[in-house]
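One letter stands for each residue in the lines below.
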Amino acid sequence: MTLGRKHGKRVSLVLLAVALALAAAGCGGDDGGGEASSEEPVTIGSAIAMTGGLSSFDKPALDGTRIAIEEINAAGGIMGRQVKSVTADTKSDINQGARAGQEVIQKGADAMITTLDFNYGGGAAREAQKKGIIAIAPGAGSPKYGVQGIGDMAYTLGIAAQTDAAVAAEWGIEDKKFKTAYLLLDDITDYDKEQCSAFKQVWTEMGGTILGEDTFKNSDPSVAAQVTRIKGLDQEPDLIMLCSFPPGGAVAVKQLRDAGVKSAIISNGAMDGDYWYKDSVPNLSDMFYTASASVWGDDPSKQINDFVKKVKAKSGQPQAYFTVLGYVAVYALKTAMERADSTEGAKVRDEMDKFDKENVGGIELTFTPDLHIDTKREERVMEVNNGKHRVAAVRAAEHQLPLFENQ
Amino acid sequence: MKEVVQYIIDGAALGSLYALFALGIGLIFGIMNLINFAHGELIMVGGYVLVYVSSPATPIRVLVMLLAVVVLALAMERAAFRPVRHARADTLLVTSFAVSFFLQSLAIVTVGALPKSAGILSGLNESFQIGDYAIRKLDVFTVAVTAVLLVALVAFLGRTPLGVQMRAAAEDFRMARALGVRANTVVATAFALSGFLAGVAALILVAQTGLVSPTMGLAPVLAAFIATIIGGLGSLSGAVLGGYLLGSLTVALQAMLPLSLRPYRDAFVFAAVVLVLILRPQGLISSRATVERV
Amino acid sequence: MTSYQRHLTPVILGALVVVVTVLGSFGSAVLQTTLVTMLIDVILVVGLYVFVGNSGVFSFGQIGFMAIGAYTAANLRIPSVTKAALFPSMPDLELPSTLATLVGGGAAAAIALVIAIPLMRLSGLVASLGTFAFLNIVFIVASNLDEVTGGSTGIAAVPATTTRNTALIWALVAIALAWAFQQTRICLCLRGSREDEAAARAVGIGITSERTAAYVLSAFINGIAGGLFAQFYGTFNPSAFFIDVTFLTVAMLVVGGVLSLSGAVVGALFISLLTEALRRVETGVDLGVFSLPELIGLQQVAIAIAMLLVLLLRPRGLTGGDEITPAWLRALWRRPRPGAILEAAWKRRPARPAEAAPATDGAGAAILAVRDLMVRYGNLTAVQGVSLDVAEGELVGLIGPNGAGKSTTLAAIAGFLAPASGSIEFRGVRVAGEPPEKIVRRGIAVVPEGRHIFGTLSVAENLQLGSTPVADRAAAAETLEGVLELFPILRTYYRSSAAKLSGGEQQQLAIARALLSRPRLLLLDEPSLGLAPLMVDVLFDKLALLKQTGTTILLVEQNAVATVEIADRTYVLRTGRIVTSGTREKLLETTDFAAAYLGVRA
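Cut-off values and rules
- Residues numbered from 1 in each chain as written.
- Chains lettered and ligands numbered in written order.
- Predicted model: local features only at pLDDT ≥ 70, side-chain atom pairs only at ≥ 80, totals over all residues.
- Helix = DSSP H or I, 4+ residues; strand = E, 2+ residues; numbered from the N terminus.
- Contact = placed C-beta atoms within 7 Å.
- Buried ≥ 20, exposed ≤ 12 C-beta atoms within 10 Å, placed from the backbone.
- Domains from an automatic or database assignment.
- Nonpolar A, V, L, I, M, F, W, Y, C, P; charged D, E, K, R; others polar.
- pLDDT = per-residue confidence, 0-100.
- Pairing = 2+ DSSP bridges.
- Axes fitted to C-alpha atoms, helices over the stretch in contact; angles between N-to-C directions.
- Core = buried A, V, L, I, M, F, W, Y, C linked by C-beta atoms within 7 Å.
- Expected span 1.5 Å × (residues − 1).
- Parallel < 35°, antiparallel > 145°, perpendicular 65-115°, else oblique.
- Left-handed = near helix turned anticlockwise from the far one by under 90°.

### Remarks on the overall build of chain A
- For chain A, the count of helices and strands is 11 helices and 14 strands.
- Sequence separation of 24 or more characterises 68% of the internal contacts of chain A that already satisfy a separation of 6 or more.

So, in structure tokens, the structure goes:
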């Protein structure tokens, strides 16, 4: 079915020309910007993954962002100016982050929201840093997303692995009176590695015993060997610290329960949601994880519960709490901008650095000029019982472990 | 140690799963000299069909899924691989990448990138208790199914006229055609069979992991790729052997490596693979077809 | 084409890259980022080509070298202060940008030299798996060796010094390096081995060292790309150097044309531009005349479809595996092909019947009538104006020197090639262009050159396959008996693997197998090729016996004398045309064989 050389060459030339033409079609775009007048909208640019693997986290955050913007506009806007949302797609490609950041800047962004990950959101955040505007990652768990790793314009609303781990360990020992724990680490991300390492440290400091540890890979279809190792212990651990995220974490939970391991399992916020166990382990129980908010209707903050109701009305039960963080990000900007009475990056930054348990959209935020990640937040320890979610405890980390190697 | 026996069972179970993946890849490779990377997407589509077909009767869900995957495999052959059937090996390879990428992207756009939980054959998640050892029913099922499929395939290829034609076509396509063997029938049959194998693999994978996701086919197809080559290209029993070797080695390393080295487990597996390739480049079971006679 | 024109290729390719870059430089800031990505991709694909294109071995591990280059360059560029904070165990060494890039390339090349020792002796898919293993090992080590590589989070704070111009210069350097390598003797030997490794080994080309050279250069170029990458994005982690990029660069190379440097460059440019174009279309494009709506997610799906389309329409890639030369470019829009004028001249001559004895001479009716057959391979006309007849019961010979077109003629009759023009009538039915399976069922069986015995099957199975088109089991059984009577050696080896037979025996098996389809016409393509003289005699005895059974045979042979002795009539073919024909007496007495064969006066 080949067209043969005669036509084939022409086809290729035509294709090349078409490609060039289309590429040029978007060329020479204006560089946006210009002075913001007091009547111009405040533009919040979301340089996030609208397609690809990360869109499952970024798009809910965008939903939250948009609801926040609606609410704020209905109440008069920021400093009397309407708020506008613009977006650019990173396609879940780590190398497209900078480009997406440039795009929203071109579209006139006064502040940026990025993918909730240091690596995948860092590219866009660096562009924001260059331009001197704030970049917020709704949920990057790495402290590097901040002054140390990107610059003084970058903030994350996420929780550091060390903080999550401390909350989990303290809850386990103090609330549940557990004695023994086991670490199961999905070693694909530094976050998970740091979480398990910090958990071990806090647990043993508090007098608990670590019965053992093991690793697996997120893409493993079977963790049978890891399960066998756990079953081979002299006693079943009270608590298994599962440092992972779906799909790997979901497979691990299922196979642990299938094998009859009854230990309580605790993980981090990436395991929020019921999509990963609904049909496979419908009666899942004794499953816990730490999260910044509960989207299941029982969060201690009324504002968040109301927000969840709004999301439910719009697009159904939110799958995880990241949508709340997208909402909170906008309110954080609003608070800081109004206090600074300006959208100028440096001034907004100075105000954000003064946040001390500042209630923003239902969550308390704390930042300092040196630390743009919140280590003092009250986390919700969520429980899945018989397939249903509820808030089991609300705790802030008491153990404040060093976040960087040279601290 | 009691754990050792349990680990052996675990290795056999994982090996069966990999062997199942490898059979699907090896079959097509034997006929067309093509490593079909889109085989992973056949598994993925099978998984999603299982999720979306809601019927209380498991056999119906499975049958519908198998049918869907076989149809997709045939469509894949007809639309993407037949036109390039006689092309160079690299063109075939990239064609299979392109098909794989296309199906994955389509899946992400239509069903979303988030994994979905799935429940099937949940009764098999329990274990037989034999003394101190717990043998998961699903593992027994996997080993049994793989064995039956292998025997059936070997019988089909060895005893039936169509099977002999397929083996002949695998060795010398042109000559087979010269004797009247219908090329299209042979290739379509091979794809249909590989689709069936992919469907069975999907069933077991979903039963085991409880999840489907658009990228769930990548790990299986890479495992199959490795298993088929170390087992010996062109040999079906080699593919199965390669799968068992890979699965057992993975479990063995997981069990035996000290904790600090365990994150490097796969690096050790790959190093072992390279060793096998150097010591026996023709694979563990060499088929005569792979030895080039001068 | 003069030899200097050949060397214009790198110039043309460089010009192409420069033009695209310059055009793009007028675009938005966002486009500049894309341009640098594109240039880095060009370097990557050129690097990939240096090994894959020249050696024919598919490496899935070249991106591993990109990683090594990136991590090395990054470590040499991170400012000392930051390095002390983030990577306290790394040496306190800071180098200027270009030097860091070069060292990155050098580190990659050094590692390539080491792992070439086990890998380069492997071939085919086995080698591919070996390189894939390397890619994985690099990924796993990079993800876990936190003190050196920053683990899964990777490295940040690398000064972003790669500009569009830097990338452009390095791209041109890469193209020049690849081209220069292609002119070396090492590379020429390598390319020779690419198609037929056994043949190359037979003339003393030790593949391993040649491959290693290509591998090391390829690694160097990929390492350079990695260094540029690191110093452009300023931050990266191991997943930037894994499966996605590998598949993308391989696809770029194959879509462009894996066999040529031009293919590498064109493929990289094409896919990059297409991706960019689709990206714009995805967010809604106002083309003035009409607007396209937002179609999120379109890009990835469309890229896959585009790749598939290119591969289906141009399986050898956009460049077809050719290098772009001025002649290639001219051929793009100039219609006439070389030989077109001659072809037209042939068509204007009156049709000339073959100088054959009338078909009804002695034997039965003509069952095969070939008229004015023309068969072409691309631009080359292999068979031209060939006409011949075979009557029932005849043994007709077709002889001629190498390259005369004998096998081509046979292949056209057997259905493996479609003739460009002319007719082939078999028992009154036009069969030109039908596929082999159908031709067999019409009653033509072919024994192709080289025997093509199924070595993995037994003699019995080989024979069984021969009767595939025969529906009547009784007839098939009878034929089997007859065949075994004629070739008793097959009975001896009946259950054995066919691979165990000697060359001569295999030839008998091949003929027997063909006979099992009960053909009306048996085509034999050079059955004596490769046989010892004794076996050749045995073969021709068998053919004589076969003729006596009434089988109609068209025999293509290089062994002219033996053929003419045994055949009723023989045609002589030279450079695609029949130059003479006739019965045994006529040919042996009146024709000067040397003249007929070679076209020279004795």
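### Thoughts on the overall build of chain C
- When helices and strands are counted, chain C shows 27 helices and 12 strands.
- Counting the 602 residues in chain C, one finds 53% classified as buried.
- Across chain C, contacts joining residues at least 24 apart in sequence account for 75% of those joining residues at least 6 apart.

### A short note on the domain arrangement of chain A
Residues and elements named next belong to chain A.
- Taken domain by domain, chain A holds domain 1 (42–159 + 300–376) and domain 2 (161–291 + 380–396).
- Each of domain 1 and domain 2 was reduced to a C-alpha centroid, and the two centroids are 29 Å apart.
- In terms of residue class, the side of domain 1 that touches domain 2 is made up of four nonpolar, four polar and one charged.

### Remarks on the confidence of the model for chain A
All names here are of chain A.
- In this model, chain A carries an average pLDDT of 88, and 90% of its residues clear a pLDDT of 70 or more.
- Of the regions scoring below 50 in pLDDT, residues 1–6 engages in 11 contacts with residues more than four places distant in sequence or in other chains.
- In the predicted structure, residues 26–37 sits below a pLDDT of 50 and forms 21 contacts with residues beyond four places in sequence or in another chain.

### Let's talk about the interface of chain C and chain B
- Taken residue by residue, the interface counts 50 residues in chain C and 53 residues in chain B.
- Counting only elements with at least two residues in the side of chain C that touches chain B, the list comes to helix H7 (124–144), helix H13 (243–256), helix H15 (298–313), helix H19 (436–442) and helix H20 (459–466) of chain C.
- Here the element with the most residues in the side of chain C that touches chain B is H7 of chain C; it accounts for 10 residues.
- Looking at the side of chain C that touches chain B residue by residue, the classes come out as 34 nonpolar, 12 polar and four charged.

### What about the sheet that holds strand E13 (residues 378–385) of chain A?
Residue and element names in this part refer to chain A.
- One open sheet accounts for seven strands, arranged E7-E6-E8-E9-E10-E13-E14; its pairing is mixed. What marks the edges here is a single partner per strand, and that holds for strand E7 (209–216) and strand E14 (388–396). Strand after strand, the sheet turns through a mean of 20 degrees between neighbouring axes, direction not considered.
- With three bridges joining them, strand E9 (residues 264–267) and strand E10 (residues 287–291) adopt parallel strand pairing. Bridge pairing in E10 places Ser267 opposite Tyr289.
- Here helix H6 (residues 190–205) sits on the sheet and contacts strand E6 (180–186), E7 and strand E8 (239–243); the angle it forms with E6, its principal contact strand, is near 165 degrees.

### Considering unusual backbone geometry
- At the junction of Pro246 of chain A and Pro247 of chain A, the peptide bond is cis and its omega measures out at 0 degrees in the coordinates.
- Locating Pro247 of chain A in the fold gives a position in the loop between E8 and helix H8 (248–258).
- Of note in this structure, Lys177 of chain A is not a glycine but carries a positive phi near 55 degrees.
- The class for Lys177 of chain A is exposed, based on 8 C-beta atoms found within 10 Å.
- In this structure, Glu526 of chain C is a non-glycine residue whose phi angle is positive, near 50 degrees.
- Mapped onto the elements of the fold, Glu526 of chain C is located in the loop between strand E9 (521–525) and helix H24 (533–548).
- For Glu526 of chain C, a count of 18 C-beta atoms within 10 Å gives the class partly exposed.

### Describing the pairing of strand E8 (residues 444–447) of chain C
Residues and elements named next belong to chain C.
- Of the two faces of E8, both are covered, the one formed by Ile444 and Val446 as well as the one formed by Ala445 and Val447.
- Across four bridges, the pairing between E8 and E9 is parallel. Paired with Val446 across the strands is Leu523, a residue of E9.

### Focus on the nonpolar core
- In terms of nonpolar packing, the biggest core is built from 434 residues, with Met241 of chain A together with Ile43, Val46 and Leu523 of chain C touching the most fellow members.
- Residue contributions to this core reach at least three from each of two domains, namely domain 1 (42–159 + 300–376) and domain 2 (161–291 + 380–396) of chain A.
- Not counting chain neighbours up to four residues away, the residues in contact with Leu523 of chain C comprise Leu410, Ile413, Ala414, Ile444, Ala445, Val446, Val447 and Leu554 of chain C.

### Some remarks on the environment of Gly77 of chain A
Residue and element names in this part refer to chain A.
- Locating Gly77 in the fold gives a position in the loop between helix H2 (55–74) and strand E2 (83–89).
- Exposure remark for Gly77: the 16 C-beta atoms within 10 Å place this residue in the partly exposed category.
- Separated by 35 residues in sequence, Gly77 and Val42 place their C-alpha atoms 8.6 Å apart.

### Structural notes on helix H9 (residues 164–183) of chain C
- An ideal rise of 1.5 Å per residue puts 28 Å on 20 residues; H9 of chain C measures up with 29 Å between its terminal C-alpha atoms.
- Of all the positions in H9 of chain C, only Ala167, Leu168, Trp170, Ala171, Ala174, Ile175, Ala178, Trp179 and Gln182 of chain C are classed as buried.

### Some thoughts on the sheet that holds strand E4 (residues 134–137) of chain A
Residues and elements named next belong to chain A.
- Pairing in this open sheet of five strands is parallel, and the strands run E2-E1-E3-E4-E5 from one edge to the other. Whereas interior strands pair on both sides, the edge strands pair on one side only; in this sheet they are E2 and strand E5 (154–156). Pairwise comparison of adjacent strand axes, ignoring direction, gives a mean angle of 25 degrees for this sheet.
- In the sheet, strand E1 (residues 42–48) pairs with strand E3 (residues 111–114) via four bridges, with the strands oriented parallel. When the sheet's bridge partners are listed, Ile44 is paired in E3 with Ala111.
- Each of E1, E2 and E3 is contacted by helix H3 (residues 97–106), which is oriented at about 165 degrees to E1, the strand it contacts most.

### Points about the pairing of strand E11 (residues 569–574) of chain C
Residues and elements named next belong to chain C.
- Here E11 lies mainly inside the structure; six of its six residues are buried.
- Across the two faces of E11 the burial is the same, with Arg569, Tyr571 and Leu573 and Thr570, Val572 and Arg574 all buried.
- Here strand E5 (residues 395–399) pairs with E11 via four bridges, running parallel. Its bridge partner lying in E11, Gly397 is registered against Thr570.
- Counted between consecutive antiparallel strands, the loop separating E11 from strand E12 (residues 577–583) contains two residues, among which Thr575 sits at a positive phi close to 40 degrees.

### Here's the deal with the confidence of the model for chain C
Residues and elements named next belong to chain C.
- Mean pLDDT over chain C stands at 82; residues scoring 70 or higher make up 85%.
- Below a pLDDT of 50 lies the segment residues 335–363, which in the model reaches 30 contacts outside its immediate sequence neighbourhood of four places, other chains included.
- Across the interfaces of the predicted complex, the ipTM metric reaches 0.88, alongside a pTM of 0.80.

### Regarding the environment of Thr335 of chain A
Residues and elements named next belong to chain A.
- Positionally, Thr335 belongs in helix H10 (residues 322–340).
- Distance from Thr335 to Met112, taken between C-alpha atoms, is 15 Å for residues 223 residues apart in sequence.
- In contact with Thr335, not counting residues within four places along its chain, are Glu358 and Val360.

### Description of the packing of helix H3 (residues 29–55) of chain C against helix H12 (residues 207–233) of chain C
All names here are of chain C.
- Following both chains from N to C, one finds H3 and H12 inclined at 170 degrees, their axes separated by 8 Å at the closest point. Accordingly, the angle class assigned to the pair H3 and H12 is roughly antiparallel. Here Val36, Ile40, Ile43, Leu44, Val46, Gly47, Leu48, Val50, Phe51, Asn54 and Ser55 of H3 come into contact with H12, specifically with Arg211, Ala214, Tyr215, Leu217, Ser218, Ile221, Asn222, Ile224, Ala225, Leu228, Phe229 and Phe232.
- Each residue belonging to the contact of H3 with H12 can be placed in one class, and the counts come to 17 nonpolar, five polar and one charged.

### Some details on the packing of helix H23 (residues 503–515) of chain C against H24 of chain C
Residues and elements named next belong to chain C.
- The N-to-C vectors of H23 and H24 enclose an angle of 20 degrees; their axes lie 10 Å apart at closest approach. On the basis of their axis angle, the class for H23 and H24 is roughly parallel. In this structure, H23 crosses over H24, and the sense of that crossing is right-handed. For the pair H23 and H24, contact is made by Gly503, Gly504, Gln507 and Gln508 and by Met535, Val538, Leu539 and Lys542, respectively.

### Some details on helix H10 (residues 236–256) of chain B
- Compared with the 30 Å implied by 1.5 Å per residue over 21 residues, the 30 Å span of H10 of chain B between its first and last C-alpha is a close match.
- With 15 of 21 residues buried, H10 of chain B lies mostly within the body of the structure.

### A word on the environment of Gln507 of chain C
- Tracing the backbone shows Gln507 of chain C in helix H23.
- In this view, Gln507 of chain C contacts Arg451, Pro527, Leu531 and Leu539 of chain C; residues no more than four positions away in its chain are not counted.

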